[in-house]
Amino acid sequence: MTRGARAQLAEKIAGEVALSDDPGATLRKWRTDFGVAQTELADRLDVSPSVVSDYESGRRDNPGIAVVRRLVGALLDIDEERGGDHIRQHARVLSSGFDSDVVHDLREYSANVGVERVYEAIGAEELHRGGQDTVAGHTVINSIAAITRLSSDEFYQLYGQSTNRALVFTNVTRGESPLVAMRVVSPTPNAVVLHGLDSDDVWDKAAELARIDDFSLAVTDRDLEDVLDGLRSLP
């Protein structure tokens with residue numbers, strides 16, 4: 001892992017917190033995305049868990065630059081000690097560089113967003129609910145372009161960027177290809193949406209694969225631009 005990847009991610013997190021209308025929610029989003037408990041973060045900062053909780057809930061004044069720098073540094077230190085998986089995942093998102101006809105849209109949210117809220121924004125019908133109820137970003141992928149144009153390394157990079165996000169696959173007929181492809185990718189996303197289908201059109205094994213790999217699965221037949229507008233309306 002390069003120090004540049006860590007520095008780039010630290011700058012991104014700090015920038016999101018500084019620009020957020022709800023800095024506490026943004027801090028909480030990043031902490032949960034990294035899988036760090038409030039108690040663990042508090043121990044690293046040598047403060048009580050209530051201090052972290054107060055910042056995230058807004059009970060304390062918005063954290064200043066020095067506090068944000070300490071919080072971000074502690075999160076990244078913890079992740080590096082665990083092997084740096086989240087730093088690498090987010091570094092891939094930051095530097096994805098895919099063509100727009102492969103990736104229609106890729107965003108990180110300022111705070112965790114409920115899966116149901118994502119579905120509401122894009123008119124999606126849920127077919128299976130996985131074990132996680134929120135996502136922290138989305139990637140909208142042209143499934144045929146991804147399969148036909150990307151190398152195996154690029155394919156893995158695109159599909160396995162982060163667990164805490166929604167993958168929306170366009171240009172699908174039944175959803176079989178992207179769902180089978182995800183079986184070889186680890187980690188899997190929290191939610192998958194198949195675009196351009198209604199529930200009667202979906203591959204009959206789709207919900208079962210979602211259950212096995214524990215992600216939420218939904219479909220939407222809205223126009224792609226409406227889907228993109230809906231996703232971009234999320235915080």
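Starting from 1, residues in each chain are numbered consecutively following that chain's sequence as written. Reporting of local features is limited, given that this is a predicted model, to residues whose pLDDT is at least 70; pairs of side-chain atoms are given and counted only at 80 or more, and all residues count toward the totals for whole chains, interfaces and linings. For side-chain calculations, the full set of non-hydrogen atoms in the structure is used, while hydrogens and water are omitted.

Caption draft 1: Seen up close, the overall build of the protein chain. Only runs of H or I of at least four residues qualify as helices and only runs of E of at least two qualify as strands under DSSP, and these elements are numbered from the N terminus. If you tally the helices and strands in the protein chain, you get twelve helices and six strands. Values of the radius of gyration come from C-alpha atoms, whereas the globule rule sets the reference at 2.2 Å times the count of residues to the power 0.38. Against the globule reference of 18 Å for 235 residues, the protein chain gives a C-alpha radius of gyration of 18 Å, in line with a compact fold. In terms of overall dimensions, the protein chain has a C-alpha envelope of 55 × 35 × 30 Å along the principal axes. Think of it in three bands: with a 1.4 Å probe and only protein chains considered, a residue is buried below 20% of the maximum accessible area for its type, exposed above 50%, and partly exposed in between. Counting over 235 residues, the protein chain shows a buried share of 51%. Restricting the contact set of the protein chain to residue pairs at least 6 apart, pairs at least 24 apart contribute 75%. Charged residues are defined here as Lys and Arg on the positive side and Asp and Glu on the negative side; His and the ends of the chain fall outside this count. Where a charge sits is defined by one atom per residue type, namely NZ (Lys), CZ (Arg), CG (Asp) or CD (Glu). With 25 positive and 40 negative side-chain charges, the protein chain shows a spacing of 6 Å between the two charge centroids. By definition, residues are in contact when any of their heavy atoms lie within 4.5 Å.

Caption draft 2: Here's a closer look at helix 3 (residues 38–45). For helix 3, every residue scored as buried is listed here: L41, A42 and L45. End-on, the buried residues of helix 3 take up no more than an arc of 100°, which puts them together on one face. Residues of helix 3 that are buried sit in contact with helix 2 (23–33), helix 4 (49–57) and helix 5 (65–81). Taken from the residues just after helix 3, D46 is the one with a positive phi, measuring 60°. In this context, the arc is that of the directions from the helix axis out to the C-beta atoms.

Caption draft 3: Representation of the layout of surface pockets within the structure. Only protein atoms enter the calculation, which uses a 1 Å grid: trapped sets of points that fit a 1.4 Å probe without letting it out are cavities, open sets showing protein on both sides within 12 Å along at least five of seven lines are pockets, and any residue with an atom within 4 Å of a point is a lining residue. Grid points are joined across faces, edges and corners, and a volume is the space filled by probe spheres set on the points. What the largest pocket holds in volume is close to 240 Å³. Around the largest pocket sit 14 residues that line it, and A14, G64, I65, V68 and R69 are the ones nearest its centre. The dominant element in the lining of the largest pocket, judged by the number of residues it contributes, is helix 5, at six residues. Residues of the lining of the largest pocket, tallied by class, amount to ten nonpolar, two polar and two charged. Classes in brief: Ala, Val, Leu, Ile, Met, Phe, Trp, Tyr, Cys and Pro nonpolar; Asp, Glu, Lys and Arg charged; the others, Gly included, polar.

Caption draft 4: Broad picture of the nonpolar core. The biggest cluster of nonpolar side chains holds 25 residues, and the ones touching the most others in it are F169, L179, V192, L194 and L217. Secondary structure elements with two or more residues in this core: helix 8 (143–149), helix 9 (152–159), strand 4 (166–170), helix 10 (176–182), strand 5 (191–195), helix 11 (206–213) and strand 6 (216–220). Those residues within four positions of V192 in sequence are excluded, and the remaining contacts are L167, F169, L179, M182, F215, S216, L217 and A218. Here, nonpolar core refers to any group of buried Ala, Val, Leu, Ile, Met, Phe, Trp, Tyr and Cys residues whose side-chain atoms link them within 4.5 Å.

Caption draft 5: Spotlight on the pairing of strand 6. Along strand 6, five of the five residues are buried, which leaves the element largely enclosed by surrounding structure. With burial as the criterion, each face of strand 6 is covered, one bearing S216, A218 and T220 and the other bearing L217 and V219. When DSSP finds at least two bridges between two strands, those strands are taken to pair. Sheet topology places strand 5 next to strand 6; five bridges connect them, and they run parallel. Looking across to strand 6, one finds that L194 is bridged to V219. Viewed with both strands pointing away, a crossover whose connecting path from the first strand over the helix to the second turns clockwise is right-handed. A crossover links strand 5 with its parallel partner strand 6, the connecting element being helix 11, and its sense is right-handed.

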